[in-house]
Amino acid sequence: MAAQLEHRDADASAASTTAMVSMRAVNKHFGALHVLRDIDLDVAPREVVVVVGPSGSGKSTLCRTINRLEPIDSGEIRVDGERLPVEGPGLANLRAEVGMVFQSFNLFADRTILDNLTLAPTKVRKVKRAAAEAEALSLLDRVGIADKAGHFPAQLSGGQQQRAAIARALAMHPKVMLFDEPTSALDPEMINEVLDVMVDLAREGMTMIVVTHEMGFARRAADRVVFMDQGRIVEQNTPAAFFDAPQTDRARSFLASVLTH
């Protein structure tokens, strides 16, 4: 893995007049369980925000509300200044702008990797098949699996499948990429090959929100680390400040647990 990634100019990001993702007073319940509590969060264009915290803290739910895979009970979410639609064509258009990479890959098992990458651009973006295939092959080369274009997902390792999933999301030219624990289903030796692709995306300026347990990735690739506990954002800071001088007892306790194992 490369040395720590040089962070982009934070002042330039902060100067942006329109957050790429904005959450205001967002609340979400699952029955009696209050999983998101008054969430306020802005993510600037080109910023990489890594969300960490204990299991059950609301990290994945936060991520999934941004493209409305989970509806919210109250509050407001905007992507590139536009309020999140409730349903209909507006929601479909929004999801085309927000790439999502899941823990479990979610590739179509009965389609080749090339077909997985070209399906949405041809059906949703109305890209010509030849152009979609050319870009898909370029993206597969970018993530290091160009030789797997004609294979089916089951013929790939977990790490290769996740890299294909990232390429599939990129094929839609998203404004922001969401990663929901993208390495948690992988064998240890496959984790780095996926994180390397994500680090490259961060270097290239992709706006990213990453839910992960990979503290090394957070140190190296994040512009900002957001720490959640019991449905709340407890603190947020630069990686150096968060890991070296956490501001709350809860964050200190969390880091003492995860960094000693």
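Conventions adopted
Residues numbered from 1 in each chain as written. Predicted model: local features only at pLDDT ≥ 70, side-chain atom pairs only at ≥ 80, totals over all residues. Heavy atoms only, no water. Pairing = 2+ DSSP bridges. Helix = DSSP H or I, 4+ residues; strand = E, 2+ residues; numbered from the N terminus. Axes fitted to C-alpha atoms, helices over the stretch in contact; angles between N-to-C directions. Contact = heavy atoms within 4.5 Å. Expected span 1.5 Å × (residues − 1). Buried < 20%, exposed > 50% of the residue type's maximum accessible area, 1.4 Å probe, protein only. Phe/Tyr/Trp six-rings, centres within 6.5 Å; stacked < 30°, edge-to-face > 60°. Core = buried A, V, L, I, M, F, W, Y, C linked by side-chain atoms within 4.5 Å. Salt bridge = Lys/Arg side-chain N within 4 Å of Asp/Glu carboxyl O.

K.L.:
With reference to specific residues and values, describe the sheet that holds strand 7 (residues 176–180).
P.N.:
The six strands are arranged 6-7-8-3-9-10 in an open sheet whose pairing can be described as mixed. Bordering the open sheet on either side are strand 6 (98–101) and strand 10 (232–237), each of which pairs with just one other strand. Averaged over all pairs of adjacent strands, the angle between strand axes in this sheet comes to 20 degrees, irrespective of strand direction. Relative to strand 10, strand 9 (residues 224–229) is paired through five bridges, and the arrangement is antiparallel. Counted as the bridge partner of Val-226 is Gln-236 from strand 10. Here helix 6 (residues 158–170) sits on the sheet and contacts strand 6 and strand 7; the angle it forms with strand 6, its principal contact strand, is near 170 degrees.

K.L.:
Which residues make up helix 7 (residues 188–203), and what are the values?
P.N.:
Relative to the 22 Å expected for 16 residues at 1.5 Å per residue, helix 7 spans 24 Å between its end C-alpha atoms, a close match to the ideal helical length. The set of residues buried in helix 7 consists of Met-190, Ile-191, Val-194, Leu-195, Val-197, Met-198, Val-199, Leu-201 and Ala-202. Tucked into the core, helix 7 has its buried residues touching strand 3 (48–52), helix 5 (129–142), helix 6, strand 7, strand 8 (207–211) and helix 8 (215–221). Following helix 7 by one or two positions, Gly-205 adopts a phi angle in the positive range, close to 95 degrees.

K.L.:
Residue-level account of the packing of aromatic side chains, with values.
P.N.:
One pass over the full model with this rule turns up three aromatic pairs. Their ring planes at 35 degrees and their centres at 6.0 Å tell us that Phe-227 and Phe-242 sit as a pair that is tilted. Of this pair, Phe-227 sits in strand 9 while Phe-242 sits in helix 9 (residues 239–244), and the two are 15 residues apart along the sequence. For the pair Phe-227 and Phe-242, one class covers both residues: buried. Ring centres of Phe-242 and Phe-243 lie 5.2 Å apart, and the angle between their planes is 80 degrees; on these two criteria the pair is classed as edge-to-face. Residue Phe-242 shares its accessibility class with Phe-243, and that shared class is buried. Here a set of aromatic residues connected by ring pairs shows up, and it is made of Phe-227, Phe-242, Phe-243 and Phe-254.

K.L.:
Tell me about the nonpolar core, and please be specific about residues and values.
P.N.:
Among the nonpolar cores identified, the biggest contains 50 residues, and Ile-166, Met-177, Phe-179, Met-198, Met-208 and Phe-217 are the most heavily contacted of them. The element contributing the most residues to this core is helix 7, with nine residues. Aside from chain neighbours lying at most four places away, what touches Met-177 is Gly-99, Val-101, Ile-166, Ala-169, Leu-170, Leu-201, Met-206, Thr-207, Met-208 and Ile-209. Ile-39, Val-51, Leu-94 and Phe-102 belong to the second largest nonpolar core, which has 26 residues in total.

K.L.:
So, the pattern of salt bridges: which residues are in play, and what are the values?
P.N.:
Within the structure shown, the criterion is met by 16 salt bridges. Of the charged contacts, one joins Arg-142 and Glu-204 as a salt bridge, the two residues approaching to 2.2 Å between their closest N and O atoms. On the criterion of sequence distance, the pair formed by Arg-142 in helix 5 and Glu-204 in the loop between helix 7 and strand 8 is long-range, its members being 62 residues apart. The exposure class assigned to Arg-142 is partly exposed, which follows from its relative accessible area of 42%. According to the relative accessible area criterion, Glu-204 is partly exposed, its value standing at 47%. Between Arg-250 and Asp-229 there is a salt bridge, and its shortest N-O distance comes to 3.1 Å. Here Asp-229 lies in strand 9 and Arg-250 lies in helix 10 (residues 249–258), a separation of 21 residues in the sequence.

K.L.:
Pulling in residues and values, what's your account of the sheet that holds strand 5 (residues 82–83)?
P.N.:
Overall, antiparallel pairing links the four strands, which are arranged 2-1-4-5 in an open sheet. Among the strands making up the open sheet, the edge pair consists of strand 2 (33–43) and strand 5.

K.L.:
Provide a residue-level description of the environment of Ala-136, including the pertinent values.
P.N.:
Looking at the secondary structure, you find Ala-136 in helix 5. The sequence separation of Ala-136 and Gly-159 amounts to 23 residues, and the corresponding C-alpha distance is 18 Å. Ala-136 has contacts with Leu-114, Leu-117 and Thr-118, leaving out every residue within four places of it along the chain.

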